[in-house]
Structure formats: C-alpha cells, structure tokens
Protein chains: 4
Amino acid sequence: MVELSRPIKFEEVDAANIVFFARYLNYAHEAMEHFFGGLPGGYAGLIVGRRIGFPAVHAEVKFSAPVRFGDGLRIEIGVDKLGNRSVVFRYRMYRTSDGTLAADVSHTVVVSDLAAVRSCEMPSDVRALLQAHVTGS
Amino acid sequence: MVELSRPIKFEEVDAANIVFFARYLNYAHEAMEHFFGGLPGGYAGLIVGRRIGFPAVHAEVKFSAPVRFGDGLRIEIGVDKLGNRSVVFRYRMYRTSDGTLAADVSHTVVVSDLAAVRSCEMPSDVRALLQAHVTGS
Amino acid sequence: MVELSRPIKFEEVDAANIVFFARYLNYAHEAMEHFFGGLPGGYAGLIVGRRIGFPAVHAEVKFSAPVRFGDGLRIEIGVDKLGNRSVVFRYRMYRTSDGTLAADVSHTVVVSDLAAVRSCEMPSDVRALLQAHVTGS
Amino acid sequence: MVELSRPIKFEEVDAANIVFFARYLNYAHEAMEHFFGGLPGGYAGLIVGRRIGFPAVHAEVKFSAPVRFGDGLRIEIGVDKLGNRSVVFRYRMYRTSDGTLAADVSHTVVVSDLAAVRSCEMPSDVRALLQAHVTGS
C-alpha cells in the first residue's frame, strides 16, 4: 500500500462549504500520479517519455462523510485487480482530523499506447510495481 | 428528459489531450444545476434561498469514448430512481461531433437541510420536477 | 463589444464563500473563447484546425466586489490594443444581481503558430474581428 | 523567503499542451497557503479558526516561459510591500527542469474580518511572519 496525505485547499470546497464531490476523482488521479512515483521518472516519465497512458474506463465513488476546509485527507492507494491490460485502483480516503472514511474510490484504467491510441501490453516494471501493491482478497 | 449542450473548454483536457476523466463529474453537476433551472430561482435558489442541498452519496462513471478539444457534449439528464429522500440522476453524455456515447454517469444524492446538516423531506415542487423526468421501465 | 453572461457555478466559490480569485482568469479565457465564436469554427477551429494560438504574456485583475453563488457575471469583452502580433483583451465583469463591477481584467496574448511554437502574423480574418471590437479612447 | 516546489499535474495543462495561464493564480494561492504554514494552525487556522481572510484586490502575472507536464515549479514567495491592512505578495515561479523564470506574480490582499466582511487590523503574529519575509527595496 502506498499513502498520500494532503490538506484540503481553500478553493476545493463548494457553496455548501464541503469538498466538491467531483474533487475526489481529482484526488484519485493525484494519488495515482503519486503511486507511480515508485518508478524512475514517475508518472510523467510514462506519459511524456514512454508515451504510455492509463485512460479510465470506469470510476466509482462512495461518499461516506463530508470534508471541510481546515481538514485533510490521508489516501491509501492499492490495486484491487491486475489484469493483462487493465488495472483497478482503489483509493480509500480518510479525514485527517478523525480518521473517518470520507470516500472510497474505485478506478479502472487500461494501459494504453498514447501514440497508437490503443491498449497495449503492460511494461514489466509497471506490472511489477502494481503487483507489489495488489491488496488481496 | 432535460438536455444540456456545451462545448469542451480549452482548459478541460489533460496531458494526453483528452477531456480529463474527473471533469465528467463536474459536467454532471453542471447538468444537475441546469436541470433545476426548471424551478423558480433554480438550483441556486434551493441552495442559497431555501438552504436545501443535494450532497452525493454515490457516483459512477462509465467512460466509453474520449472527447477532445474542438468537440462538445450533449448531455441527456434523467432520473433513474426517485426515493423518499434520495434521487438517482442519470446523465448520458454524447459527443457533439458524431453522437457517440462518451460517458454514462449515475449520481445519487440525498435531499438535505443545509442548516441542520441532515437529510430532509423532499419539497413538493422538487419532487414534482424530478417525477416528471423519471426515465425508465 | 461582445458580451457573455454566465451564472456562478456551485463549485466556483472558495472557503470564504465568494468566487475564488483565480477563477476570474478562467472566466476571461471563457470569454475569449466566446469572442472568437465570431469566426467560423470559433476558437477551437483556430487551435485545432489552423494551429494558431494565443498564449498569454501578461494578465492583470482588479477586484472590486465579491461575487457569491446565486449571482452571475455579465462580461463585456473588448480589445484595448491591437498590435502586429499581440492583442490586449479587456474584460469588464459585472455582477448580474446589481450591475456592480466585480473584476476588471486585462489579458495580453501573442498570436502564435502552435506547430512552430513562435509568434506569427495575425491572419486577416482574426485581425478583422479584433479590429471591429477595439474600444478605445 | 519561503519556497514551495511542486510538480505539474496531469490535469493542469490546456489544449495547447502547456500549463493553462489561469493556473498560475491557483499556484499563487497554494503558495500563500504554504507561506502561512509558518503560523500555528496555518492558513486554515486563520480562515476557519480566527475568521481572518485575505481577499485579493489586485493580481498581476507576467508570463515568460511555458511549462509542460513532466516539469515542475519552484516558487519563491516573498512580501513586496507590507501595509497597515494590506500585503503585496510576490511569487517568482521557476521551471524545475532548467531554472527558467516561467511566471512572476504580484498579489495584493487586504486583511479582512470574515465575519464582519470588512478590512481589519493585522494580528501581530501575522504581521511578524510577513515582516520576516519582506524582500528588499
């Protein structure tokens, strides 16, 4: 499991004064970018250098508690399922203040050749990193 | 069914040059705000005037085709399920250029008293508007 | 002068419950995209089709009144200065509710060949559109 | 001087594949929030706990070099001018890759009582922190 902790930013709330619901997918992607920091060159190295991307085919968020400005999120990043060309990431997002689960995000991506714009084999270093974080049944 | 058409904005794509996946939840909310334009005072009237809100408890997106800058989205907004205190909105988002389904979003909200910060009865005008757009078998 | 009116969106405020200050540059760009709707293919046609862009070299915002959710902005878009390869756009943003000036934005862009990544001559149809909206003393 | 380094995120570029110009004001605010980390409770403690805010009255950005995904920004945060009730922050943003100045941002805020919605005296700990980072003549 990889972790990322981040404060809520001043601009991330909505007119009901809680974190805007769409932001949790932004946080999920931020967490995925952080996760790939485990490879040399990181996520940007994959995208820009190797032209390998991870477009989403499915995303699901269960919201269980609101989060306000002044609080933060501790995000646990794992891999729920590792396929031949796809990955199901799982992000459990807990409020920093009290440890309450705020959002549980599932995010399915397909490993893609950005130049050819189609799915591709998963490079072995990518697979190894993901494999190391498969959270079990 | 209510519809909303909008162009993709210059800033809405990501470094892979397609609409960033989290944006579809922003579009979903934009579509919901548009939907409540069917009430006097609209969505803002509910939030600011009547202090009634619709926090999400669940959101799911199925991505089926990428969308690029220069294209747009035609969003069909319906109600999949109308409960006592909850609503499942459904947004089918089609590319303007070719009519391809790009994203299919399900969005479950709970009608809430923003002052008391808890769920509440659905006002009758809200229910009537939602009822008029219940899709489905 | 070209005008654009838009409601404030639920997600556009900050934790002080007013429109987040950076948003005014997003609105400025939205207004510029709207302005180029005066050309066939619009702004996207320039960027995607003709590979001509307008990167900013300078932007300045004077904030004179806060704007809240439930309100809107009426944006007057003009051209303060038209150079050989540069344009100074001017956006006066008024609150819809009471007509108060909320923000006054100056935005200097350089007409650029996006393929060659350098400034270029202004196409004649672009110049004609801009010329038609030079405001000025 | 206070510093903040941050990578460019996947979603922060535009359809011309460079960091979207409005983002620099988001970065400026992020940097200001980081700056106030020098006080107990940080920026959020001021806003949420003490109800003291810093609404902008002026912002100016000089853009001198584009920044792409895969790069980052090193932001030098200083105080250009410290008034009785106002502060001019200055953010010099350098590309991580080559140290080139990408954007130079000036940001004038007024210390405000968020409950009374008007300017107020600067608390002494806020003044002391700002004073310590006044950059010279």
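Structure: see above.
Each value, and the rule that gives it
Residues numbered from 1 in each chain as written. Chains lettered and ligands numbered in written order. Predicted model: local features only at pLDDT ≥ 70, side-chain atom pairs only at ≥ 80, totals over all residues. Heavy atoms only, no water. Least-squares fit on C-alpha atoms with pLDDT ≥ 70 in both. Contact = heavy atoms within 4.5 Å. Buried area = accessible area lost by both parts, 1.4 Å probe. Polar contact = N/O pair within 3.5 Å; in protein donor to acceptor, adjacent residues only side chain to side chain. Pairing = 2+ DSSP bridges. Helix = DSSP H or I, 4+ residues; strand = E, 2+ residues; numbered from the N terminus. Buried < 20%, exposed > 50% of the residue type's maximum accessible area, 1.4 Å probe, protein only. Axes fitted to C-alpha atoms, helices over the stretch in contact; angles between N-to-C directions. Salt bridge = Lys/Arg side-chain N within 4 Å of Asp/Glu carboxyl O. Arc of directions from axis to C-beta.

*Asks:* Explain the relation of the copies chain C and chain A here, please?
*Replies:* Each of the two copies of the chain can be brought onto the other by a rotation about an axis and a shift along it. The two copies are related by a screw operation: chain C maps onto chain A through 180° of rotation and 0.0 Å of translation along the axis, at an RMSD of 0.0 Å. On this basis, the relationship between the two copies can be described by a two-fold rotation axis. Every residue of chain C has its C-alpha some distance from the rotation axis, and the shortest such distance is that of C:Asp14, at 3.3 Å. Same-surface contact between copies: 100% of interface residues of chain C are shared with the interface of chain A.

*Asks:* When you look at the interface of chain C and chain A in this model, what are you seeing that I'm missing?
*Replies:* Note on interface size: it is often stated as the accessible area lost on association of the parts. On the chain A side, the residues contacting the 10 residues of chain C number 10 residues. Buried surface at the junction of chain C and chain A, both sides included, amounts to about 930 Å², of which 64% is carbon and sulfur. Connecting chain C to chain A are two residue pairs in polar contact (both at pLDDT 80 or more).

*Asks:* I would appreciate a short explanation of the sheet that holds strand β2 (residues 52–53) of chain A in the present structure.
*Replies:* Across a sheet, paired strands are connected by hydrogen bonds in the backbone, their directions being either parallel or antiparallel. Strand order across the open sheet formed by three strands is β2-β7-β8 (chain A), with antiparallel pairing between neighbours. Two strands in the sheet have a free side with no partner beyond their single neighbour: β2 and β8 (118–119) of chain A.

*Asks:* Looking at this structure, how should I read the environment of A:Val19?
*Replies:* All names here are of chain A. Inspection of the secondary structure assignment puts valine 19 in the loop between β1 (2–7) and α1 (23–35). Residue classification places valine 19 among the buried positions, given a relative accessible area of 4%. Considered as a pair, valine 19 and arginine 68 are 49 residues apart in the sequence and their alpha carbons are 6.0 Å apart. Beyond its immediate stretch of four places on either side in the chain, valine 19 contacts Ile8, Glu12, Val13, Asp14, Tyr24, Tyr27 and Val67.

*Asks:* Help me understand the sheet that holds strand β4 (residues 72–82) of chain A, please; the structure alone is not making it clear to me.
*Replies:* A sheet is described by the order of its strands in space; here 10 strands give the open sequence β1(A)-β4(A)-β5(A)-β6(A)-β3(A)-β3(B)-β6(B)-β5(B)-β4(B)-β1(B), paired in antiparallel fashion. The strands lining the two open edges of the sheet, one partner per strand, are β1 of chain A together with β1 (2–7) of chain B. Neighbouring strand axes in the sheet, compared pairwise and without regard to direction, differ in orientation by 15° on average. With five bridges connecting them, strand β3 (residues 56–63) of chain A and strand β3 (residues 56–63) of chain B associate as antiparallel partners. Bridge pairing links A:Ala59 to B:Val61 in β3(B). The sheet contacts of helix α3 (residues 124–131) of chain B involve β4 (72–82) and β5 (86–95) of chain B, and relative to β4(B) the element is tilted by about 115°.

*Asks:* Looking at this model, I keep getting lost on the interface of chain B and chain A. Mind explaining?
*Replies:* On the side of chain A, 21 residues touch chain B, which itself brings 21 residues to the contact. When the buried surface of chain B facing chain A is broken down by residue, B:Phe21, B:Leu25 and B:Phe63 rank first, second and third, together holding 28% of it. Across the contact surface, chain B and chain A share zero salt bridges. Only α1 (23–35) and β3 of chain B provide two or more residues apiece to the side of chain B that touches chain A.

*Asks:* Explanation requested: the pattern of salt bridges in the structure shown.
*Replies:* Pairing between side chains becomes possible if they bear opposite charge and their charged atoms approach one another. Tallied over the full model, the rule gives 40 salt bridges over all chains. C:Glu76 is the partner of C:Arg74 in a salt bridge, and the nearest nitrogen-oxygen pair spans 3.0 Å. Shared partners join several salt bridges into a network, and the residues in it are A:Arg6, A:Glu12, A:Glu30 and D:Lys9.

*Asks:* I keep staring at the relation of the copies chain B and chain A and nothing clicks. Help me out?
*Replies:* Here chain B sits on chain A after a turn of 180° about the axis and a move of 0.0 Å along it, with an RMSD of 0.0 Å. A share of 100% of the interface residues of chain B reappears at the interface of chain A, consistent with the copies meeting face to face through the same patch.

*Asks:* What should I look at first to understand helix α3 (residues 124–131) of chain D in this one?
*Replies:* All names here are of chain D. If you check which residues of α3 are buried, you get Val126, Leu129 and Leu130. Down the axis, α3 shows its buried residues gathered within 95° of arc, on one side only. For α3, the elements touching its buried residues are α1 (23–35), α2 (42–49), β4 (72–82) and β5 (86–95).

*Asks:* In this structure, what is going on with helix α2 (residues 42–49) of chain A? I would like to understand it.
*Replies:* Spacing of three or four residues puts side chains on the same side of an α-helix, whose turn is 3.6 residues. Residue and element names in this part refer to chain A. Among the residues of α2, those classed as buried are Gly42, Tyr43, Ala44, Leu46 and Ile47. Considering only its buried residues, α2 is in contact with α1, β2 and α3 (124–131). Once α2 ends, the next one or two residues include arginine 51, with phi positive near 55°.

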